[in-house]
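What the coordinates show
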Protein chains: 4
Amino acid sequence: MRGFRTDLAMECIGENDGRMDGVQVSTHRVGDITHTRIRIETESAAELLGRGKGEYVTLECSDLPTCEARRRDALSKMMAHDIKRLLPRDGEVLVVGLGNRNVTADALGTRVVERMLVTRHLHQAITGELQGKLRGVSAIAPGVLGLTGIETAELCRGLVQHVQPAAVIAIDALAAYETQRICTAIQITDTGIQPGSGVGNHRLGLTKETLGVKVIAVGVPMVVYASTIARDAMSRLIDSYGVFDSSHEDAAQRLLRQVAEGFLGDMVVTPREIDELVLNVASLLADGLNRALQPAVDAETLHHYLHI
Amino acid sequence: MRGFRTDLAMECIGENDGRMDGVQVSTHRVGDITHTRIRIETESAAELLGRGKGEYVTLECSDLPTCEARRRDALSKMMAHDIKRLLPRDGEVLVVGLGNRNVTADALGTRVVERMLVTRHLHQAITGELQGKLRGVSAIAPGVLGLTGIETAELCRGLVQHVQPAAVIAIDALAAYETQRICTAIQITDTGIQPGSGVGNHRLGLTKETLGVKVIAVGVPMVVYASTIARDAMSRLIDSYGVFDSSHEDAAQRLLRQVAEGFLGDMVVTPREIDELVLNVASLLADGLNRALQPAVDAETLHHYLHI
Amino acid sequence: MRGFRTDLAMECIGENDGRMDGVQVSTHRVGDITHTRIRIETESAAELLGRGKGEYVTLECSDLPTCEARRRDALSKMMAHDIKRLLPRDGEVLVVGLGNRNVTADALGTRVVERMLVTRHLHQAITGELQGKLRGVSAIAPGVLGLTGIETAELCRGLVQHVQPAAVIAIDALAAYETQRICTAIQITDTGIQPGSGVGNHRLGLTKETLGVKVIAVGVPMVVYASTIARDAMSRLIDSYGVFDSSHEDAAQRLLRQVAEGFLGDMVVTPREIDELVLNVASLLADGLNRALQPAVDAETLHHYLHI
Amino acid sequence: MRGFRTDLAMECIGENDGRMDGVQVSTHRVGDITHTRIRIETESAAELLGRGKGEYVTLECSDLPTCEARRRDALSKMMAHDIKRLLPRDGEVLVVGLGNRNVTADALGTRVVERMLVTRHLHQAITGELQGKLRGVSAIAPGVLGLTGIETAELCRGLVQHVQPAAVIAIDALAAYETQRICTAIQITDTGIQPGSGVGNHRLGLTKETLGVKVIAVGVPMVVYASTIARDAMSRLIDSYGVFDSSHEDAAQRLLRQVAEGFLGDMVVTPREIDELVLNVASLLADGLNRALQPAVDAETLHHYLHI
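Each value, and the rule that gives it
For every chain, the first residue of the written sequence is number 1, and numbering continues from 1 along that sequence. The order in which chains are written sets their letters, starting at A; the order in which ligands are written sets their numbers, starting at 1. Whole-chain, interface and lining totals are the exception, using all residues; otherwise, since this is a predicted model, local features are given only for residues with pLDDT of at least 70 and side-chain atom pairs are given and counted only at 80 or more. Think of the side-chain values as coming from all heavy atoms in the structure, minus any hydrogens and water. Note on conventions: DSSP H or I runs of at least 4 residues are helices, E runs of at least 2 residues are strands, and numbering of each starts at the N terminus. We compute the radius of gyration from the C-alpha atoms alone; for a globule the expected value is 2.2 Å times N to the 0.38, where N is the number of residues. Three exposure classes are used, based on accessible area relative to the maximum for each residue type with a 1.4 Å probe and protein chains only: buried under 20%, partly exposed in between, and exposed over 50%. In these tables, accessible area is a Shrake-Rupley quantity obtained with a 1.4 Å probe, and a residue counts as shielded only by the protein chains included in the view. Comment: axis = line fitted to C-alpha atoms, over the contacting stretch for helices; angle = value between 0 and 180 degrees taken between N-to-C directions. Note on angle classes: values under 35 degrees are labelled roughly parallel, values over 145 roughly antiparallel, values of 65 to 115 roughly perpendicular, and the remainder oblique. When the near helix sits turned anticlockwise from the far one by under a right angle, the crossing is termed left-handed; a clockwise turn instead gives a right-handed crossing. Two residues form a contact once any of their heavy atoms are found within 4.5 Å. We place the copies in one frame by least squares, fitting the C-alpha atoms of every residue whose pLDDT is at least 70 in both. Simply put, the buried area is the total loss of 1.4 Å probe accessible area from both parts when two parts are fitted together. Any Lys or Arg side-chain nitrogen found within 4 Å of a carboxyl oxygen on Asp or Glu counts as a salt bridge. Polar contact is defined as a pair of N or O atoms within 3.5 Å, subject to the rule that within protein one atom must be able to donate a hydrogen and the other to accept it, and that residues adjacent in sequence are counted only when both atoms are side-chain atoms. The residue classification treats Ala, Val, Leu, Ile, Met, Phe, Trp, Tyr, Cys and Pro as nonpolar and Asp, Glu, Lys and Arg as charged. All others, Gly included, are polar. DSSP bridges decide pairing: two strands pair if at least two such bridges lie between them. The predictor reports its confidence for every residue as pLDDT, a score running from 0 up to 100.

Along the backbone of chain A there are 11 helices and 9 strands. In terms of C-alpha radius of gyration, chain A reaches 20 Å, essentially the compact-globule figure of 19 Å for 308 residues. Taken over the C-alpha atoms alone, chain A extends approximately 75 × 45 × 40 Å along its principal axes. Within chain A, the fraction of its 308 residues that count as buried is 62%. Entry remark: accessible area of chain A is about 12,400 Å², with carbon and sulfur atoms responsible for 47%.

Following this line, the structure appears as structure tokens:
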């Protein structure tokens, strides 16, 4: 019963796939944070898994959005470490918040952009200690096709040509397969945003190929598709009854397709308190990003600049 | 496989329950609006169905939140007609918006209250044509227990004692069993708000017994519980296989309980565009309520007063 | 005592300036709407008045944001007529909402963009009656320099190169000299946005010279600078006393400069209910713009598309 | 030229009033925070100054809303100290956020209430270290008369009778005389809210007399009336010219009255970035209040409970 919709690479890797040719998986734990690094190294592995070739880091923490200050600090440091490793050493960075600011579960990108320390326009204004130590950062949440009439990918291409950053960081709300991942996993990848991914189902991708510069994508699952829940429930029921023969599974698939193409099509599953969770996750991501982009600035000074 | 969570009386009435003793059901269609009226007339029927004794009107329209001006007008007129019928002829009315304004799917009550024509404080200020023709209306969205520390029902009891309205209208976001009902059905009932109902699972009810005045409740389904989707999927699978014996169903129930008490517990299913839908539905409900409460004022004058 | 800050051309034209060489002023009234058309025709007049050469239309209505349906309809029709006249007959239009969405008085542009009928991406999807009748419209509120790190004018130049519209319409919140103009005047001009103008004091202009296509600017005064109020009060006091000699005026100017450069520098005067006024004005402007851009679509169909 | 509108007691006390009979004024500085304590001890002094008898503490800090972490910490500690001193030692506290949440400059009360640690409903749920150490706190922002149809004071009286707190803390946005006070002074008083005060001009007061329990009012100036600016400008001009005879001042008063009763009537002066300032000030006030109300809980635990 493969084929569930997920934007998390780690959910595509089955128990035995770690030993698949062309895929490297390593996991380690720091306190109650799990750090998983997946490298898809060959085109054939990429095709098999339906993901782009490159690196995928996932940080998992079961109470990520509400955890106390010390743990948030640890998480944002680990995030900053991986993002910095994937970024070019020098040059400006453009942060793009994807998604629709008017759709709670899809507004993560916008909320992160609102919390970024934007410095590109300050170069001349900065004197004293920080002079020459700030990386140039610009940030925009351009809005979705339905609201602007302009494809996000097109719009970003125009921006990149104009702003000429060394890299783009794209922030997006993701769909997961397991409801337990909602708001508890951060995925960082150097493969950019793939077409069809995200809560918003981006029509075009944002990748090195389309934008001409390296694209780091950072995302957190915000929803599970309702059809995934239905499919999963059926699959659990089938699994508990060895008696089912394979014809049952076919029938389940047919049933599922009816359900998904029917009324469940556009429905998503979220925690009831999703509005608050989005803000908490956005603030954590912004913290990690600001650290990654401004390593010369300590946390307190960052907070002061941002009036947080 | 009874026992699904729903706040809609019409979803509790099975195909044959219309002929149940103590229950009257009548349905008629006007254009593509379906008007269903259920009267639960005996205590025994009330207990069997798990609903209070009284009247439940449901207006259904498959594209309710986005339908064009003429159809919205028809819907709000039908709504106004039923609400006016259930209200006392004279006396002030207090409109209470239940739910949490910070939770998109639970904010319906707050959004309706924001759109009410509030007149209680205007009595002396009004002269000319409208003098003596406005019903006194007050409106409040008091916020949920978790944010105020005060039970909504307690708070309303205090308010009612103070404001002394002839009736209360309570607006609430509901949970349904069928996803197709989300944002497509309006339930109007003279039984008030029952404990445990609504997206917010109100701890205490708002009824004639607790508040001392008639309580009309108006609600629209905004979510289906994720566990309902899972349960429904299993149940469909079982239904397609006559071969299942009753032990299967027991096992399915056990499985379901695990699922629901586990990670699906707090999860809700909504359309992706729920933020916009809530605003559209709120504006329709407010229109119907304002008409019901101020029959002497024509629609254009109402809009002018409300600067809509 | 010239030199007050205002973005309204009509406030630069003194009582006798109508007869100034190179300036044409004509005024007519329709009901209680005043329509003023100023044409600055020579460079020398432009320099004298400190405005660009071109046309400035102002629609004034003393209760513009709260007037009843019929009057709003008349206003939006007049607006649509003048905008259509200034636009090229054919080709796509890009609507740009200037200003900072997080600053109430500066959010007008953003609020208008949110209410635009965006069609550029629909061309293939539209069939039936409207096929071939919709003008391609895209719309964006890119955010201010302080939030994005990118000059709005730069960003727009990039967008225009990419989207290639036949014209740009820029919406902006203005500063006036007279408090009575706040939210009661709509200025439409084919001279674009001048550097230093608007509540946000745009650093660079958006004009035909900088963007390469015609730029129509539409704005409504949202604030008066507090220093204007102070200056105006002093000036009224001086005017009431013929006894003042010219040295008094010099002293008043010195005093004023102290005041304005001191604590009043960044302060603005607004009506207390500015939050609501911005939304009402935005909805009126969007109505006028949508009519101007889609003359083939009647008002009701427009409203349906926009789910208003 | 007395008679300017201000809600700050310290602005009513002239340079020599400190020596007025029945008034005690003491000032001390801690770093760049100025702490002023005014006690109005006799009815005659109260009448002369147009303030209630009681204590007024003002904390002033010129960059209060944007100052860095350490200074904010010092401010919130000083605030907590004075509030705790004025509160009864034991018993529940009801926090009431006054003002209109839809009017940026008047939304301070609402924004503070949103950030309060509400505990009244948790008594049974709390175990472990904190058991028995939390003061019962409830909090509500009931909304203004124009939106609810119910006088805030009436509504609060009903609430107090029901919730039976030992004291009420009322939070409100104030009007000042000097623009430099906007967002830079915190006033704490045990005299409650007086009729006519606040940005919202409360019709009825919230005092021990009307509510039956002690009322501590906490407020920060958010606006200066535009007519105050005009009056102040004229007064400065007059002051710089000894030549004016007293008839000039009368004329200035007449002029001012025309101005204030005319178009400046409802206009307020605010910094352009008022939206952000309100949020920053609200977060500071909530911090001080939460400390005052829960002295047994350290700052980090407080933040954790509030998910800030």
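A separate point is the packing of helix 6 (residues 152-163) of chain A against helix 5 (residues 152-163) of chain C. The contact between helix 6 of chain A and helix 5 of chain C brings their axes to 9 Å, and the two run at 125°. Here helix 6 of chain A lies oblique to helix 5 of chain C, going by the angle between them. Regarding helix 6 of chain A and helix 5 of chain C, the two cross each other, and that crossing is right-handed. Every residue of helix 5 of chain C that contacts helix 6 of chain A at Glu 154, Leu 155, Arg 157, Gly 158, Leu 159 and His 162 of chain A is listed here: Glu 154, Leu 155, Arg 157, Gly 158, Leu 159 and His 162 of chain C.

Okay, the relation of the copies chain B and chain A next. Once chain B has been moved 0.0 Å along the axis and rotated by 180°, it coincides with chain A to within an RMSD of 0.1 Å. Here the transformation between the copies is reduced to the relation of a two-fold axis. No C-alpha of chain B approaches the rotation axis more nearly than that of Val 269 of chain B, which lies at 2.2 Å. By residue overlap, the copies meet face to face through one surface: 100% of the interface positions of chain B are interface positions in chain A.

Before going further, it helps to spend a moment on the interface of chain C and chain A. Taken together, the contact between chain C and chain A spans 22 residues of the former and 22 residues of the latter. Of the roughly 1,800 Å² buried between chain C and chain A on both sides combined, carbon and sulfur atoms contribute 57%. On inspection of chain C and its partner chain A, the count reaches 2 salt bridges. At the boundary of chain C with chain A, the tally comes to 6 residue pairs in polar contact (both at pLDDT 80 or more). Residue assignment for the side of chain C that touches chain A shows that the elements contributing at least two residues are strand 5 (137-140), helix 4 (145-148) and helix 5 of chain C. The element that contributes the greatest number of residues to the side of chain C that touches chain A is helix 5 of chain C, accounting for 7 residues. For the side of chain C that touches chain A, the per-class residue count stands at 11 nonpolar, 7 polar and 4 charged.

Below, the discussion takes up the interface of chain B and chain A. With 39 residues of chain B in contact, the opposing surface of chain A contributes 39 residues. Summing the contributions of chain B and of chain A, the shared interface buries around 3,300 Å²; its carbon and sulfur component is 64%. Linking chain B to chain A there are 0 salt bridges. In this structure, the connection of chain B to chain A is made through 11 residue pairs in polar contact (both at pLDDT 80 or more). Sorting elements by how many residues they give to the side of chain B that touches chain A places helix 7 (residues 226-239) of chain B first, with 8 residues. Class assignment of the residues belonging to the side of chain B that touches chain A gives a composition of 24 nonpolar, 10 polar and 5 charged. One ladder, built from 5 bridges, connects strand 9 (residues 267-271) of chain A with strand 9 (residues 267-271) of chain B; its direction is antiparallel.

Quick look at the environment of Val 269 of chain A now. With respect to the element layout, Val 269 of chain A can be found in strand 9. In sequence terms Val 269 of chain A and Ser 227 of chain A are 42 residues apart; their C-alpha atoms lie 9.3 Å from each other. Every residue in contact with Val 269 of chain A, bar those within four places of it in the chain, is listed here: Thr 179, Ile 182, Met 222, Val 223, Val 224, Tyr 225, Ala 226 and Ile 229 of chain A together with Ala 226, Met 267, Val 268 and Val 269 of chain B.

Let's shift gears to the relation of the copies chain C and chain A. Expressed as a screw operation, the relation of chain C to chain A combines 0.0 Å of axial shift with a rotation of 180°, fitting to an RMSD of 0.1 Å. A symmetric contact is evident, with 100% of the interface residues of chain C recurring at the interface of chain A.

Tallied over the full model, the rule gives 68 salt bridges over all chains. Residue Glu 114 of chain A is joined to Arg 111 of chain A by a salt bridge in which the shortest nitrogen-to-oxygen separation is 2.7 Å. With Glu 114 of chain A and Arg 111 of chain A both in helix 4 (residues 108-114), this residue pair falls 3 residues apart, about one helical turn. Look at Glu 114 of chain A and you get partly exposed, because its relative accessible area is 40%. Its relative accessible area of 19% is what places Arg 111 of chain A among the buried residues. In this structure, Arg 101 of chain C engages Glu 114 of chain C in a salt bridge whose closest nitrogen and oxygen atoms are separated by 3.9 Å. Of this pair, Arg 101 of chain C sits in the loop between strand 4 (93-97) and helix 3 (108-114) while Glu 114 of chain C sits in helix 3; the two residues are 13 residues apart in sequence, bridging distant segments of the chain. Residue Arg 101 of chain C is classed as partly exposed on the basis of its relative accessible area of 22%.

In this section: the side chain of Glu 11 of chain A. Residues and elements named next belong to chain A. One can find Glu 11 in helix 1 (residues 9-12). Within the structure, the side chain of Glu 11 is placed 2.6 Å from the backbone nitrogen of Tyr 177, a separation counted as a polar contact. A distance of 3.2 Å separates a polar atom in the side chain of Glu 11 from the backbone nitrogen of Glu 178. Setting aside its immediate chain neighbours within four residues, Glu 11 contacts Thr 6, Ala 176, Tyr 177, Glu 178 and Arg 181.

The next point concerns the packing of helix 7 (residues 226-239) of chain C against helix 7 (residues 226-239) of chain D. At a closest axis distance of 8 Å, the pairing of helix 7 of chain C and helix 7 of chain D adopts a crossing angle of 50°. Here helix 7 of chain C lies oblique to helix 7 of chain D, going by the angle between them. Both helix 7 of chain C and helix 7 of chain D take part in a crossing whose hand is right-handed. On helix 7 of chain D, the residues that touch Ala 226, Ile 229, Ala 230, Ala 233, Met 234, Leu 237 and Ile 238 of chain C of helix 7 of chain C are Ala 226, Ile 229, Ala 230, Ala 233, Met 234, Leu 237 and Ile 238 of chain D. When the residues that make up the contact of helix 7 of chain C with helix 7 of chain D are grouped by side-chain class, the tally is 14 nonpolar, no polar and no charged.

What follows concerns the confidence of the model for chain A. All names here are of chain A. Looking at chain A as a whole, its pLDDT mean stands at 87, while 91% of the residues score no less than 70. Helix 9 (residues 246-261) is the least confidently modelled element of chain A, averaging 71 in pLDDT, while strand 7 (residues 185-189) averages 98, the highest of any element. For this predicted complex, the interface confidence score (ipTM) comes to 0.88, while the overall pTM stands at 0.92.

Bringing unusual backbone geometry into the picture now. Unusually for a residue other than glycine, Cys 183 of chain C sits at a positive phi of about 60°. Its location among the elements puts Cys 183 of chain C in the loop between strand 6 (167-176) and strand 7 (185-189). Phi angles above zero are rare outside glycine, and Gln 164 of chain D is one such case at about 55°. Mapped onto the fold, Gln 164 of chain D is located in the loop between helix 5 (152-163) and strand 6 (167-176).

Residue and element names in this part refer to chain A. The element strand 6 (residues 167-176) is extensively covered by neighbouring structure, given that 10 of its 10 residues are classed as buried. Because side chains alternate across strand 6, one face comprises the buried residues Ala 167, Ile 169, Ile 171, Ala 173 and Ala 175, and the other comprises Val 168, Ala 170, Asp 172, Leu 174 and Ala 176, equally buried. With 5 bridges connecting them, strand 4 (residues 93-97) and strand 6 associate as parallel partners. Residue pairing for strand 6: Leu 94 is matched across the bridge by Val 168. Relative to strand 8 (residues 214-225), strand 6 is paired through 10 bridges, and the arrangement is parallel. Its bridge partner being in strand 8, Ala 167 is matched across the sheet by Lys 214.

This brings us to the environment of Gln 161 of chain A. One can find Gln 161 of chain A in helix 6. Along the sequence, Gln 161 of chain A and Gly 50 of chain A sit 111 residues apart, while their C-alpha atoms lie 30 Å from each other.

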